[in-house]
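Structural features, examined
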Amino acid sequence: MRDLLTKKLSNYAPRQLALDYPEAGILVPVTDDENNPEMIFTLRSANLKTHRGQVSYPGGKRDPEDSSLAVTALRETHEEIGLPPDQVDVIAPLSQVMSRYGILVTPYVGVVPGDHPVVPNPYEIESVFRVPLSFFLEDRRERTDALSFLNHTFYVPCYRWERYQIWGLSAVVLVDFMNAVYDAGIDLLEPPQGG
């Protein structure tokens, strides 16, 4: 998995947003299983002030002492799901995205051991779950949301995996990953065929 991600993302030019906003770093964790790689997501606690009860990637706002946004993503991942930084092989960043709360988010793809235990921090995370990448390659979206940003409309898929809905910012990051790594061809600028 590491070799595929390194090869595909070495030619990828992530989009940088020239915006002066508070920054956050998130991890896009992919398990190291060559035959059935999975992506790890979290369900945020209903007690949080922002994005409560929503599916997200582990990560959060940059602290002043963080030397980079990759360090932020690794620190927050450790705090949220107990995955130590030395268990993550950071491969490359994806395109920056803007949260509806005015946070500039930089995602980092990282390979993680599929067998390493993850334990949600109950103050921040309700649960942690995994989805096979093969599921997203089929693009079996539950719906498409039309989201506006900087005078553009983006047609963002919403995927349902068991009781979880993957939508919004997490789905934008997911689509960027699938297009960069698997040439999935999911177009966020055009509504899907047939609606």
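Residues numbered from 1 in each chain as written. Predicted model: local features only at pLDDT ≥ 70, side-chain atom pairs only at ≥ 80, totals over all residues. Heavy atoms only, no water.

1. Thoughts on the overall build of the protein chain
Heads up, the condition is: A run of H or I in DSSP counts as a helix once it spans at least four residues, and a run of E counts as a strand once it spans at least two, with each numbered from the N terminus. Values of the radius of gyration come from C-alpha atoms, whereas the globule rule sets the reference at 2.2 Å times the count of residues to the power 0.38. Note on exposure labels: buried denotes an accessible area under 20% of the residue type's maximum, exposed denotes more than 50%, and partly exposed covers the range between, all computed with a 1.4 Å probe on protein chains only. Contact definition: two residues touch when any of their heavy atoms are within 4.5 Å. To measure how exposed things are, a 1.4 Å probe is used in the Shrake-Rupley method; for residues, cover is taken only from the protein chains shown.
Looking only at helices and strands, the protein chain features four helices and 11 strands. Computed over C-alpha atoms, the radius of gyration of the protein chain comes to 16 Å, within 12% of the 16 Å expected from 2.2 N^0.38 for 195 residues, which places it in the range of a compact globule. The C-alpha extent of the protein chain, read off along each of the three principal axes, is 45 × 40 × 35 Å. Counting the 195 residues in the protein chain, one finds 47% classified as buried. Here the analysis covers contacts within the protein chain between residues at least 6 apart in sequence; of these, 64% occur between residues at least 24 apart. Element-wise, carbon and sulfur atoms account for 49% of the exposed surface of the protein chain, whose accessible area totals about 9900 Å².

2. Examining the packing of aromatic side chains
In this description, an aromatic ring pair is defined by two values, namely the gap between the centres and the angle between the planes. Stated formally: Two rings belonging to Phe, Tyr or Trp (six-membered ring only in the last case) form a pair when the distance between their centres is within 6.5 Å. Interplanar angles under 30 degrees mark stacking, angles over 60 mark edge-to-face geometry, and anything in between is tilted.
Throughout the structure, instances matching the rule amount to nine aromatic pairs. Between Phe129 and Tyr164, the ring centres sit 3.7 Å apart and the planes meet at 5°, which makes this aromatic pair stacked. Of the two residues, Phe129 sits in strand 8 (residues 125–132) while Tyr164 sits in strand 11 (residues 164–166), which places them 35 residues apart along the sequence. Relative to Tyr182, the ring of Phe177 lies with its centre 6.4 Å away and its plane at 65°, an arrangement referred to as edge-to-face. Phe177 gets classed as buried once you look at its relative accessible area, which sits at 0%. What makes Tyr182 partly exposed here is its relative accessible area of 24%. Through pairs of rings, three or more aromatic residues link up here, namely Phe41, Tyr57, Phe129, Phe135, Phe136, Tyr159, Trp161 and Tyr164.

Note that all results are geometric; they support no functional claim without further evidence.
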